[in-house]
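So the chains spell out like this:
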Amino acid sequence: MLAWGEEEMEKQVVDKARRAFNTGRSRVLQYRVDQLRALLRLIRERQADISAALTQDLHRSVFNTPLLELIGLENEIKLAVRELSDWTRPQHVQKSLITLTNDVFIKAEPLGVVLIIGAWNYPWSLTLGPLIGAIAAGNAAVVKPSELSKTSASLIKELLPQYLDQEMYHVVTGGVPETQELLKQRFDHVFYTGSSTVGKLVMEAAARHLTPVTLELGGKSPCYVDQNCDLAVACRRITWGKFSNCGQTCIAPDYILCNTSIQNRLIEEIRQTLQEFYGENPESSPDYGRIINQNHFERVLALMEGCSVAVGGESDKSQCYIAPTVLKDVLPHARIMQEEIFGPVLPIVTVNDVNEAIRFINEREKPLALYVFSSDKKVIKRMLGETSSGGVVVNDVMIHYTVSSLPFGGVGNSGMGMYHGKHTFDQLSHKRACLITSLGMESLNNARYPPQTESRLQKARFFMLNRLCSCAHLTGALAIISTVLALGLLITLLVVLLKGW
Ligand code: NAD
């Protein structure tokens, strides 16, 4: 429960953000560019502090901080700064005959105050990533980092006001009660990253104000490994994706589907790769992370119960350490196959062929990501054509996240809405339909005014039905007409000259 004073505080934060938004200053492009550049300065100047916070929260190494979070954020900011004037330019669209002389376009406008609720596994990129889009789109924002990555959350609260407009952008820290209180307030968009269970609560709370939501959720992302592929390379890539950040990545391959004949080879390749990446004892490797807290530690260990461990399996509760673990011959109904693992445990489920793999995937909730390793074009084509997921990568894992031009997000149980690059800008903008006409040509409009007659209806039909022309068509037509006229003029001139000669 929150004290009355705290409840009031959260309302005041939202009111303050709205007042700042209502001044109109975030509508000015230069203001948005300045704020984005300030955010870039924060990331560059405070990298050491951010890195230390992540070591504290997740045992992240100093190299993994830029690699897994900050480079991506820099990239997103630079892209937004470079492209903003283009993204905000009115987009002229096709017209009907009746609107031919009008100005018809789509204009992206800010929504208002956006609430950004982040998860703990990538505490910087999951809060600042959406914030970049919110700033670019001209919104005010309230950022609520996860209470579980508490050092990062405190640092975000400390640093953001030092670099950004303090009235426009706010940080609220705290846990479930604070988030629930925030969700009672009226926002113009809620951007949530976290579990599907809480996603439903967020959507329910937002519905009370008819507030639209983006839900970046999770789920079990399958990884199908076909016999026909370079297993050594496949296993290197899978091992990197699964065990980075100690398996706490929403798009990590959750489990492997493969034919029984290659299961043992996969296990051997993964074992060797783990040794190469983290040495004999991963617990002492600076590159191997930890589980966020003891609750999650116990949750992950409980999921493994009853399974056959092929690699790893060791753990140390005092350190929240779980060794990189591979489980073999896992049955579809095993507990570990019922929920997202979100930890360094990789079950292998065997299937007879690609048909069974496709059936297995389609019988479950639509995943956030799907990975396919194969050199067989037919297998790849079938996997792409006969399954559904937020994103799909063939012969690698997770790298689609780094491509700003690709929309990132889930489908069905793995979420709704897309972001990254221009997609975040679009997600947090209202696409306003604009039509500007004049008060002339009133005779044309008679077709729609009463008293209605057959001839007026015919006229309306002529102007309104299926006669769409885009600017490009119009420009093309004008170019042809002017070329014909110019040619005519030239010929006339030549004839006159020749006659005179
Ligand atoms: P979490 O516990 O940090 O929760 C996320 C946010 O929700 C936090 O800010 C928390 O305060 C708030 N919250 C928690 N319970 C709440 C409640 N009852 N009411 C209101 N707010 C509440 O994170 P998590 O849920 O453990 O995150 C892990 C999940 O997030 C996984 O399923 C993972 O796949 C998913 N995830 C998805 C993405 C993505 O981009 N799609 C990224 C990271 C994580």
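Here the structure is a predicted model, which means the values were calculated and not measured.

The rules behind these values
- Residues numbered from 1 in each chain as written.
- Predicted model: local features only at pLDDT ≥ 70, side-chain atom pairs only at ≥ 80, totals over all residues.
- Heavy atoms only, no water.
- Axes fitted to C-alpha atoms, helices over the stretch in contact; angles between N-to-C directions.
- Helix = DSSP H or I, 4+ residues; strand = E, 2+ residues; numbered from the N terminus.
- Parallel < 35°, antiparallel > 145°, perpendicular 65-115°, else oblique.
- Left-handed = near helix turned anticlockwise from the far one by under 90°.
- Contact = heavy atoms within 4.5 Å.
- Nonpolar A, V, L, I, M, F, W, Y, C, P; charged D, E, K, R; others polar.
- Patch = residues over 30% accessible without salt bridge, like charges linked within 9 Å, V, L, I, M, F, W, Y side chains within 5 Å.
- Areas by Shrake-Rupley, 256 points an atom, 1.4 Å probe, with all protein chains shown as cover.
- Salt bridge = Lys/Arg side-chain N within 4 Å of Asp/Glu carboxyl O.
- Buried < 20%, exposed > 50% of the residue type's maximum accessible area, 1.4 Å probe, protein only.
- Pairing = 2+ DSSP bridges.
- Near = heavy atom within 4 Å.
- Polar contact = N/O pair within 3.5 Å; in protein donor to acceptor, adjacent residues only side chain to side chain.
- Domains from an automatic or database assignment.
- Lys, Arg positive; Asp, Glu negative; His and termini not counted.
- Right-handed = clockwise from strand over helix to strand, strands pointing away.
- Phe/Tyr/Trp six-rings, centres within 6.5 Å; stacked < 30°, edge-to-face > 60°.
- Core = buried A, V, L, I, M, F, W, Y, C linked by side-chain atoms within 4.5 Å.

## Concerning the packing of helix H9 (residues 231-243) against helix H10 (residues 260-278)
Running from N to C, H9 and H10 cross one another at 60 degrees; their axes reach a closest spacing of 9 Å. Here H9 lies oblique to H10, going by the angle between them. Every pair of crossing elements has a handedness; the one defined by H9 and H10 is right-handed. Counted together, Leu231, Ala232, Cys235, Arg236, Thr239, Trp240 and Phe243 of H9 and Ile262, Arg265, Leu266, Glu269, Ile270, Thr273, Leu274, Glu276, Phe277 and Tyr278 of H10 form the full contact between these two elements. Residue classes in the contact of H9 with H10 are distributed as eleven nonpolar, two polar and four charged.

## Overview of a nonpolar patch on the surface
Together, Leu487, Leu490, Ile491, Leu494 and Val495 line one region of the surface with nonpolar side chains, adding up to about 460 Å² of accessible area. As for its placement among the helices and strands, Leu487 is situated in helix H17 (residues 471-500). According to the relative accessible area criterion, Leu487 is partly exposed, its value standing at 48%.

## Observations concerning the sheet that holds strand S17 (residues 415-416)
With respect to topology, six strands assemble into an open sheet ordered S5-S4-S3-S6-S7-S17, the strand pairing being mixed. A single partner strand is all that each edge strand has here, and the edge strands are strand S5 (169-171) and S17. Two strands pair when backbone bridges link them, and strand S3 (residues 113-117) and strand S4 (residues 140-144) are joined in this way by five bridges, in the parallel orientation. Bridge assignment links Val113 to a residue of S4, and that residue is Ala140. Strand contacts of helix H5 (residues 125-136): S3, S4, S5 and strand S6 (189-193), with the helix running at about 165 degrees to S3, the strand carrying the most contacts.

## Some remarks on the site of the ligand
In the vicinity of the ligand lie 27 residues, with Ser146, Glu147, Gly194, Leu217 and Glu340 positioned nearest. In the environment of the ligand, an oxygen atom lies 3.3 Å from a nitrogen or oxygen atom belonging to the side chain of Thr179. Between the ligand and Leu217, the relevant distance is 2.7 Å, taken from a nitrogen atom to a main-chain nitrogen or oxygen of the residue. If the ligand stood free it would expose 850 Å²; the protein chains cover 91% of that surface. Among the secondary structure elements, those contributing two or more residues to the shell around the ligand are helix H7 (176-184), S6 and helix H8 (196-207). With three residues, the top contributor of residues to the shell around the ligand is H7. For the shell around the ligand, the two domains that each supply at least three residues are domain 1 (4-88 + 109-217) and domain 2 (222-409).

## Points about the pattern of salt bridges
Where charged atoms from two side chains of opposite charge come close, those side chains can pair. Taken as a whole, this structure holds 22 salt bridges when the rule is applied. Residue Arg44 pairs with Glu74 through a salt bridge whose shortest N-O separation is 3.4 Å. With Arg44 in helix H2 (residues 29-45) and Glu74 in helix H4 (residues 64-88), this residue pair connects regions lying 30 residues apart in the sequence. Note on Arg44: relative accessible area 45%, which makes it partly exposed. With relative accessibility at 19%, the residue Glu74 sits in the buried group. For Lys422, the salt bridge is made with Asp426, and the minimal N-O distance between the two is 3.1 Å. Note that Lys422 and Asp426 are positioned in helix H14 (residues 422-427) at a spacing of four residues, about one turn of the helix. Three or more residues are tied together by salt bridges with common partners; here these are Arg25, Asp165 and Glu167.

## Quick word on the side chain of Asp57
Looking at the secondary structure, you find Asp57 in helix H3 (residues 47-58). Look at Asp57: it is buried, it has no salt bridge, and the nearest opposite charge is Lys150 at 6.1 Å. Within polar-contact distance, the side chain of Asp57 engages the backbone nitrogen of Lys150 at 3.4 Å. Dropping the residues within four chain positions of it, Asp57 is found in contact with Ser149, Lys150, Thr151, Ser152 and Ile292.

## Looking at the pairing of strand S8 (residues 222-225)
With burial as the criterion, each face of S8 is covered, one bearing Pro222 and Tyr224 and the other bearing Cys223 and Val225. Looking at chain direction, S8 and strand S9 (residues 255-258) are connected through four bridges and run parallel. Among the inter-strand pairings, Val225 is bridged to a residue of S9, identified as Cys258. For the handedness criterion, the β-α-β arrangement of S8, H9 and S9 is classed as right-handed. When S8 meets strand S15 (residues 369-373), the two strands line up parallel, connected through three bridges. Along S15, the bridge assignment pairs Tyr224 with Val372.

## Topic: the packing of aromatic side chains
Counted by the stated rule, this structure contains ten aromatic pairs. Between Trp120 and Phe342, the aromatic rings sit 5.3 Å apart at their centres with planes inclined by 80 degrees, giving edge-to-face as the arrangement. Of this pair, Trp120 sits in the loop between S3 and H5 while Phe342 sits in the loop between strand S13 (325-328) and strand S14 (345-350), and the two are 222 residues apart along the sequence. An identical accessibility class is assigned to Trp120 and Phe342; each is buried. Relative to Tyr321, the ring of Tyr288 has its centre 5.9 Å away and its plane inclined at 75 degrees; by these criteria the two rings are edge-to-face. You can see Tyr288 sitting in the loop between H10 and helix H11 (294-304) and its partner Tyr321 sitting in strand S12 (residues 321-322), a full 33 residues away along the chain. With a relative accessible area of 0%, Tyr288 lands in the buried category. An aromatic cluster is present here, built from Phe191, Tyr401, Phe408 and Tyr419 joined pairwise through their rings.

## What about the nonpolar core?
Membership of the largest hydrophobic core comes to 138 residues, with the highest contact counts inside it found for Leu39, Leu131, Leu160, Val225, Ile256 and Ile336. Three or more residues apiece are contributed to this core by two domains, here domain 1 (4-88 + 109-217) and domain 2 (222-409).

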